[in-house]
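Observations on the three-dimensional arrangement
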Amino acid sequence: MRATLKSTTDLATFACDTLVIPVYEDLKLNSDSRAIDKASQKQLAKILASDDFNGHSGETVTLRGIAGTAANRIVLWGLGDKDKLSRQALVKACDSLAKAVTGLPGKHCAVLGSLKTIKAVPTSWALQQIAARIARTTYLYTTTKPSKKNPVTLARLSIVNADSTAANRQAITQGVAIGQGINIARELGNLPGNICTPKYLSSQARKLARQHTAIKTTVLGEKQMQALSMDSLLSVGHGSVEESQLMVINYQGGKKSQKPHVLVGKGITFDSGGISLKPGARMDEMKFDMCGAASVIGTLSAIAEMKLPLNVIGVIPAAENMPSSRATKPGDVVTSMSGKTIEVLNTDAEGRLVLCDALTYVERFKPESVVDIATLTGACIMALGHHASGLLSNDDDLANSLLAAGTDSADRAWQLPLWDVYKKQLSSPFADLGNIAAGGAGTITAACFLSEFTEKYRWAHLDIAGTAWGQAGGKGASGRPVGLLCQYLISLAGKAAV
Ligand code: BES
Ligand code: MN
Ligand code: ZN
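Below, the structure is looked at part by part. From a predicted model like this one, the values you see are computed outputs, not experimental measurements. (Residues numbered from 1 in each chain as written. Chains lettered and ligands numbered in written order. Predicted model: local features only at pLDDT ≥ 70, side-chain atom pairs only at ≥ 80, totals over all residues. Heavy atoms only, no water.)

Here we take up helix 6 (residues 198–211). Taking 1.5 Å of rise per residue, the 14 residues of helix 6 would be expected to cover 20 Å, and the 20 Å separating its terminal C-alpha atoms lies within 8% of that figure. Where helix 6 is buried, its residues meet helix 5 (166–190), strand 7 (215–220), strand 8 (245–252), strand 10 (267–271), helix 9 (291–306) and strand 11 (311–321). (Helix = DSSP H or I, 4+ residues; strand = E, 2+ residues; numbered from the N terminus. Expected span 1.5 Å × (residues − 1). Contact = heavy atoms within 4.5 Å.)

By the definition in use, this model includes 16 salt bridges. Residue Asp-95 is joined to Arg-133 by a salt bridge in which the shortest nitrogen-to-oxygen separation is 2.8 Å. One end of the pair, Asp-95, is in helix 3 (residues 87–102); the other, Arg-133, is in helix 4 (residues 123–137), and 38 residues separate them in sequence. The class of Arg-133 is buried, set by a relative accessible area of 15%. Several salt bridges share partner residues, and in doing so they unite Lys-266, Asp-289 and Glu-350 into one network. (Salt bridge = Lys/Arg side-chain N within 4 Å of Asp/Glu carboxyl O. Buried < 20%, exposed > 50% of the residue type's maximum accessible area, 1.4 Å probe, protein only.)

The local shell around ligand 1 holds 17 residues, among which Lys-278, Asp-289, Asp-348, Glu-350 and Gly-378 are the closest. Asp-289 is positioned such that a nitrogen or oxygen atom in its side chain is 2.9 Å from a nitrogen atom of ligand 1. Protein coverage of the free-state accessible area of ligand 1, which is 510 Å², stands at 78%. (Near = heavy atom within 4 Å. Polar contact = N/O pair within 3.5 Å; in protein donor to acceptor, adjacent residues only side chain to side chain. Areas by Shrake-Rupley, 256 points an atom, 1.4 Å probe, with all protein chains shown as cover.)

The next thing to look at is the sheet that holds strand 17 (residues 433–434). Ordered in space as 12-13-17, the 3 strands form an open sheet in which the pairing is mixed. Strands with a single pairing partner mark the edges of an open sheet, and in this sheet they are strand 12 (332–335) and strand 17. Bridge count for strand 12 against strand 13 (residues 341–344) is 4 bridges, and the pairing is antiparallel. Within the sheet, the bridge partner assigned to Val-334 lies in strand 13 and is Ile-342. (Pairing = 2+ DSSP bridges.)

So, about the sheet that holds strand 4 (residues 73–78). Hydrogen bonds between backbone groups are what pair the strands of a sheet, and the pairing can be parallel or antiparallel. The sheet built from 6 strands is open, its strands ordered 1-6-5-2-4-3 with mixed pairing. This sheet does not close on itself; its edge strands, each paired only once, are strand 1 (2–6) and strand 3 (60–64). For this sheet, the mean inter-axis angle between neighbouring strands, taken without regard to orientation, is 20°. Pairing analysis gives 5 bridges linking strand 5 (residues 108–112) to strand 6 (residues 156–160), with the strands arranged parallel. Its bridge partner being in strand 6, Cys-109 is matched across the sheet by Leu-157. Each of strand 2 (18–23), strand 4 and strand 5 is contacted by helix 1 (residues 31–39), which is oriented at about 120° to strand 2, the strand it contacts most. Packing of helix 3 onto the sheet brings it into contact with strand 2, strand 3, strand 4 and strand 5, and relative to strand 4 it is tilted by some 160°. (Axes fitted to C-alpha atoms, helices over the stretch in contact; angles between N-to-C directions.)

Here is the structure:
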């Protein structure tokens, strides 16, 4: 989908398939929508006066055959009470709009952009979200179900009569890039484990480098990881015939001298639990255990599209966690790349085992910051449900900028403590660390484990076990937290849509 700013002196004659008119609960038309009302001999006013449309947040009504207009149909889009407009509410309203318009026939959808927003929800941000959420909704999973054709024909979005500022123009392009990045993450998440293997993920990492000149990708196989003493990472894939991979996706949008921001994504392409086998019910969902990796690939694609003036390195440790006679057993002790030994008490706590070596590996980049993204603990779903990602960090400034990015993108995270008292729960009589902890607080102790490997830089951990898939009862991958990560990087680049 392409999106552009357009201007017209007479909205009624603006040619498009679908024309969206946003209306607050006060049901007042602005000068642009009044032009349509006039051309249609007050048909809009009549509908606004009726009970068919009340302007509630997210409400839509599709009107066909409106006289005197060039559009094939008009969609009235409710935004609720203007004074109570919030970013969260606007994103929800954008999702309803996206649902209403992406299924309609025709290629070209235009949204009237001249309605004024309030300070808490700046216009450029609103335009970014309209573009992002509509772009996101054009995706449907069909790869292994070709009989299900994606009915979406929408290919062009125009924002009409918004102020023609650089910020607004940029917001729209960024919105489309974010929506597409989200969809890249959703598709990778939705692909089954027999297609989306560690090698498949590295083919996708390499594809990014072919698509964007600013991206260079390198992939390490098991031999190269052995040479680096990544025995913790390698121990996870031992039981699988699929070769483990470590991808390094290097986006250079800034000056060479600028320190990079690093994103590390957990890429377990299927998590059976290994010898500590998971129960059968819903085990299929463990194909989503690479959604952290998918969010890194989606985010890098988006920031390369946006050409953000930053250096960002995506690192993905990928493996398949399977039981076999070669698999790691409970009680096995492995030596991580850092030199710290780990007693593998439960082979189902494998995410931290791949992440710890990746986190040691990234020290070589002398990073400005490191954020890891992982479907790490079922306990995170207990703590926060499916609404917020868990956030833990060794740096309050970094934590606060991620929390703010989450709020701003309506892709929220919530911070949990990373106190020393929890770290003690990881002690083992046979190694420097056990890979599971006694005494509860599973999300915190998992992050405590990771924190043992992140002492050399500012680091934050996002536990996306509850947010990466199954949102609102849906079955598929959500693409979270690509929205949060893009917003975070956009703010760092000083290019925020405000
Ligand atoms: N990938 C899972 C975490 C998970 C479980 C995410 C369910 C989403 C839904 C992770 O590898 C895992 O198995 N964690 C264990 C850790 C435990 C053994 C300490 C868990 O959460 O049960
Ligand atoms: Mn597991
Ligand atoms: Zn896992």
